[in-house]
Amino acid sequence: MTNSTNQVASATLGSPEIMADIIDSLKRLERIGSENSKTVEKIIEAAREMEAKIVSQFRRQRNEIFISASRLAMNIAREERNSLNEAAASFGVASDHLHDLDYKIINQSDLIIGKTNEQVWANRSAALLFSKDLANGLLNVIAEYISQEAKENEAALEALETHLLAGSDDVWYKVSMTSHDIVARRNQKLQEDFTALFVISNAPLDAGMFRASNSVDFNYYFSPGAARIAMPLIKDHGGKRCKPPQKSNLAIIVCNGGGEAIPFASEDFVY
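Conventions adopted
Residues numbered from 1 in each chain as written. Predicted model: local features only at pLDDT ≥ 70, side-chain atom pairs only at ≥ 80, totals over all residues. Heavy atoms only, no water. Helix = DSSP H or I, 4+ residues; strand = E, 2+ residues; numbered from the N terminus. Buried < 20%, exposed > 50% of the residue type's maximum accessible area, 1.4 Å probe, protein only. Lys, Arg positive; Asp, Glu negative; His and termini not counted. Salt bridge = Lys/Arg side-chain N within 4 Å of Asp/Glu carboxyl O. Polar contact = N/O pair within 3.5 Å; in protein donor to acceptor, adjacent residues only side chain to side chain. Contact = heavy atoms within 4.5 Å. Expected span 1.5 Å × (residues − 1). Bend = angle between axes of the 7 residues up to and from the residue. Core = buried A, V, L, I, M, F, W, Y, C linked by side-chain atoms within 4.5 Å. Pairing = 2+ DSSP bridges. Axes fitted to C-alpha atoms, helices over the stretch in contact; angles between N-to-C directions.

### Focus: the side chain of E51
Right, on to step 1. Among the secondary structure elements, E51 is positioned in helix α2 (residues 16-56).
Right, on to step 2. Summary of buried charges: E51 has no salt-bridge partner, and the nearest side chain of opposite charge, R48, is 5.6 Å away.
Right, on to step 3. Within polar-contact distance, the side chain of E51 engages the side chain of W121 at 2.9 Å.
Right, on to step 4. If sequence neighbours within four positions are ignored, E51 has contacts with S109, D110, L111, Q119, V120 and W121.

Structure (structure tokens):
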């Protein structure tokens, strides 16, 4: 009877060797779980850092910014009159991934996965999906959006300068050239093209092109009236806004009369 009881106890509790194996297995499982937990933390942290870098590139003050590879490809295909596949290839995304790469930025800080509506570092699954989308071209999509935004901003700025600033009383433009530009006769080309615009515009009294009167600088100045009629030309030659120059420091290149209607800086100013 005693022997039977011992056998049952042995079967229930297991032998010391078996128990030792079980304990070792539990410890190994605990160690693997701990290591896996650290790996997951690293994945999530990496996703969080990448989110911050991406969001920082979008400076527009809006509550939501949509980043959609499919929408981007459709816009490009429409503008370039090519296929959706060609449009996707133009910014480095395979056509079979187009509908996977939809994201949005909310609260000017959170990058959200379109498919799951989760923040990219919300959990392991979200971070891994984000990582997969990055590998499939998400960064190319984001880069294209940033590029287009920069072009839109530049166009808007140019429009403002052309229609608002150029016609004001004190906005002058300066084109600076090098000795190589002079040898290449870029200054002559600038003068000829401006003269043509000046004549077509009926020689406005407030429009004039001038050069620095000293022999050291290759700087060319355009009055506000000149900027009004020739802004694209001035921009093509790298023109930048500048302080109004003094008439005594300039030599006339193109002007109607002596420039009496042109707002030069006062001769009393010291630059």
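### Quick word on helix α8 (residues 224-236)
Right, on to step 1. Helix length check: α8, at 13 residues, gives a terminal C-alpha distance of 17 Å against a target of 18 Å (1.5 Å per residue), a fit within 8%.
Right, on to step 2. Largest kink in α8: about 95°, centred on A230, with the proline P232 one to four residues after it.
Right, on to step 3. P224, G225, A226, A227, I229, A230, M231, L233 and I234 are the residues of α8 that are buried.
Right, on to step 4. Positive phi appears at G238, one or two residues downstream of α8, with a value of about 80°.

### Quick word on the nonpolar core
Right, on to step 1. Counting residues in hydrophobic clusters, the biggest one holds 30 residues, and the most contacted among them are F58, I67, F91, Y103, L111, F130 and V141.
Right, on to step 2. Formed by 19 residues, the second largest nonpolar core is a distinct cluster that contains M177, L190, M231 and I234.

### Regarding the side chain of N136
Right, on to step 1. Within the fold, N136 resides in helix α5 (residues 124-165).
Right, on to step 2. At 3.5 Å, the side chain of N136 forms a polar contact with the side chain of H97.
Right, on to step 3. When neighbours within four sequence positions are excluded, N136 is seen to be in contact with V93, H97 and L101.

### Some thoughts on the sheet that holds strand β1 (residues 64-68)
Right, on to step 1. Judged by pairing direction, the sheet is antiparallel, and its 4 strands sit side by side in the order β1-β2-β3-β4 without closing on themselves. Bordering the open sheet on either side are β1 and β4 (118-119), each of which pairs with just one other strand.
Right, on to step 2. Here strand β2 (residues 102-106) pairs with strand β3 (residues 110-113) via 4 bridges, running antiparallel. Its bridge partner lying in β3, K104 is registered against I112.
Right, on to step 3. The strands touched by helix α3 (residues 69-80) are β1 and β2; relative to β1, the strand with the most contacts, the crossing angle is about 70°.

### Brief notes about the environment of M231
Right, on to step 1. Tracing the backbone through its elements, the reader meets M231 in helix α8.
Right, on to step 2. Taking the C-alpha atoms as reference points, M231 and Y173, separated by 58 residues in sequence, lie 9.2 Å from one another.

### Notes on unusual backbone geometry
Right, on to step 1. Backbone geometry at R81 places phi at a positive 55°, although glycine is not the residue there.
Right, on to step 2. Tracing the backbone shows R81 in the loop between α3 and α4 (84-90).
Right, on to step 3. In this structure, N117 takes a positive phi of about 60° despite not being glycine.
Right, on to step 4. Locating N117 in the fold gives a position in the loop between β3 and β4.
Right, on to step 5. Overall, the relative accessible area of 54% leaves N117 in the exposed class.

Function cannot be read off these values alone, since they describe shape.
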